[in-house]
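Read off the chains here:
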Amino acid sequence: MAKVLCVLYDDPVDGYPPPYALDAVPTIDRYPGGQTTPTPERVDFQPGELLGSVSGELGLRRFLEGGGHTFVVTSDKEGPDSTFDGELADAEIVISQPFWPAYLTAERIAKAPKLKLAITAGIGSDHVDLEAAIERGITVAEVTYSNSISVSEHVVMMILSLVRNYIPSYGWVVKGGWNIADCVSRSYDLEGMQVGTVASGRIGSAVLRRLKPFDVGLHYTDRHRLPEEVERELGVTFHPDAESMVPVCDVVTINAPLHPETEHMFNDALIARMKRGAYIVNTARGKICDRDAIVRALESGQLAGYAGDVWYPQPAPPEHPWRSMPHHGMTPHISGSSLSAQARYAAGTREILECWFDDRPIREEYLIVDRGHLAGAGAHAYSVSREGEASEAPASDHA
Ligand code: NDP
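Reference entry: report on the structure contained in this document. (Residues numbered from 1 in each chain as written. Predicted model: local features only at pLDDT ≥ 70, side-chain atom pairs only at ≥ 80, totals over all residues. Heavy atoms only, no water.)

1. Overview of the overall build of the protein chain
Thought 1: Per the secondary structure count, the protein chain includes 15 helices and 13 strands.
Thought 2: For 399 residues, the compact-globule formula gives about 21 Å, and the C-alpha radius of gyration of the protein chain, at 21 Å, lands near that figure.
Thought 3: Counting over 399 residues, the protein chain shows a buried share of 55%.
Thought 4: Across the protein chain, every contact between residues at least 6 apart in sequence was considered, and the portion connecting residues at least 24 apart equals 69%.
Thought 5: Of the side chains in the protein chain, 35 bear a positive and 55 a negative charge, and the two mean positions are spaced by 2 Å. (Helix = DSSP H or I, 4+ residues; strand = E, 2+ residues; numbered from the N terminus. Rg over C-alpha atoms; globule rule 2.2 N^0.38 Å. Buried < 20%, exposed > 50% of the residue type's maximum accessible area, 1.4 Å probe, protein only. Contact = heavy atoms within 4.5 Å. Lys, Arg positive; Asp, Glu negative; His and termini not counted. Charge placed at Lys NZ, Arg CZ, Asp CG, Glu CD.)

Here it is, written out as structure tokens:
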């Protein structure tokens, strides 16, 4: 019987369960492209419930304890005295979400001799040191596609809210004002602007599709080119790299995984190649942008706005400069954790666990690392360096 250690974000401040705004969420059977949504044998929750916080337990307790397994759920994940570190020593399976990542560094993996499976309830396994997982033969799996559309909706929301100056305008209403000139002096139409995505995978291409009706010019760069018919259908222009794409863009959205090739890609040099007054929306990973270069560019006016929901480290400390820099539209890491998305990634986590315990193969598209190699979705989207730089460990873990 396995010990399953699950790290989830804290419950709402007013307690669990929260009152829900909707009675149900729509049922989605297939993603764009035809992949089916998760198909576990059953689930023990109602889609639309809050599953991603500690008391939600991803709806897994009855299933795991019914199978005789030990199930530990905690939000306490930082530092050597954390519950996570304490429980890791004899855990066979770790489940974590990118929104509240339990950083599985090489040091932690070395202290977890029984660890065999690391599941990301969501997408993006860069909080796991993939190099160390490869060396130790640990399987890494994530619930591919479960929240890709959720994130693409967040990207479109953030592009519109930055360009149209929504957040400051809302702020004037809350303050009791009617300051139209103050609101509109940074407000533009998106129509006619040039929008480019760094990466056109599931999220990047969903963003392109959603933006097409806004009559913008669409651009992308990626390691692999989209099929010609898709390029034609979307009217999107390919650029061989970010350096050649950003000078033509008014808005750049980042939708690539964090790995050695993309870490700190948006630094002073790349931002200097952008149009003065361009916008960046980054819902991929915080470390793809150089934190202080973003602040400098907003202060100088080189960037007109920056928004996203990914930070480094997570949770961001109260003094993180992205909380107070000008013209930002940051949220905590929420875009992929809507109640709609939670129903899918909780079901996908259950599907992966059912396969694992029944000794059935995990879907190829869920695999990141398997049998000592990058596998499935991981082989397509990630790279590893000898130093294991794919991991996004918090600074404190390097100390
Ligand atoms: P996909 O794997 O579908 O797409 C990623 C794309 O990035 C692939 O097309 C890949 O190219 C491309 N890519 C990799 N490296 C580079 C590079 N150096 N330059 C340009 N393109 C590159 O992933 P998703 O679209 O589903 O997700 C993308 C990322 O978004 C995730 O890795 C995760 O970090 C983040 N994410 C954030 C969430 C949130 O809640 N904010 C939720 C879900 C994901 P190729 O095909 O050539 O390998």
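2. A short note on the pattern of salt bridges
Thought 1: In total, this model carries 24 salt bridges according to the counting rule given.
Thought 2: One salt bridge connects Asp90 with Lys3, and the closest N-O pair in it is separated by 2.7 Å. Within this pair, whereas Asp90 is found in the loop between α2 (83-88) and β3 (93-96), its partner Lys3 is found in strand β1 (residues 3-7), the two being separated by 87 residues in sequence.
Thought 3: Overall, the relative accessible area of 37% leaves Asp90 in the partly exposed class.
Thought 4: A relative accessible area of 12% places Lys3 in the buried class.
Thought 5: The shortest N-O distance in the salt bridge between Glu233 and Arg209 comes to 2.8 Å. Taken together, the positions of Glu233 in helix α9 (residues 228-234) and Arg209 in helix α8 (residues 202-211) put the pair 24 residues apart, joining distant regions of the chain.
Thought 6: For Glu233, a relative accessible area of 44% translates into the label partly exposed.
Thought 7: Overall, Arg209 belongs to the partly exposed group, its relative accessible area being 39%. (Salt bridge = Lys/Arg side-chain N within 4 Å of Asp/Glu carboxyl O.)

3. Notes on the side chain of Asp370
Thought 1: Turning to its location among the elements, Asp370 is positioned in strand β12 (residues 367-370).
Thought 2: Filtering out sequence-adjacent residues up to four positions away, Asp370 remains in contact with Thr139 and Ala375.

4. Brief notes about the side chain of Thr331
Thought 1: Within the secondary structure, Thr331 sits in the loop between β11 (303-308) and α13 (339-358).
Thought 2: Overall, the relative accessible area of 16% leaves Thr331 in the buried class.
Thought 3: A distance of 3.3 Å separates the side chain of Thr331 from the side chain of His154, its partner in a polar contact.
Thought 4: Setting aside anything within four residues of it in sequence, one finds Thr331 in contact with His154, Met158, Gly308, Asp309 and Trp311. (Polar contact = N/O pair within 3.5 Å; in protein donor to acceptor, adjacent residues only side chain to side chain.)

5. With respect to the sheet that holds β3
Thought 1: One open sheet holds the 7 strands; their spatial order is β2-β1-β3-β4-β5-β12-β13, and the pairing between them is mixed. Of all strands in the sheet, those bounded by a partner on one side alone are β2 (70-74) and β13 (373-374).
Thought 2: Sheet topology note: the β1/β3 ladder contains 4 bridges and is parallel. From the neighbouring strand, Leu5 faces β3, where its bridge partner is Val94. (Pairing = 2+ DSSP bridges.)

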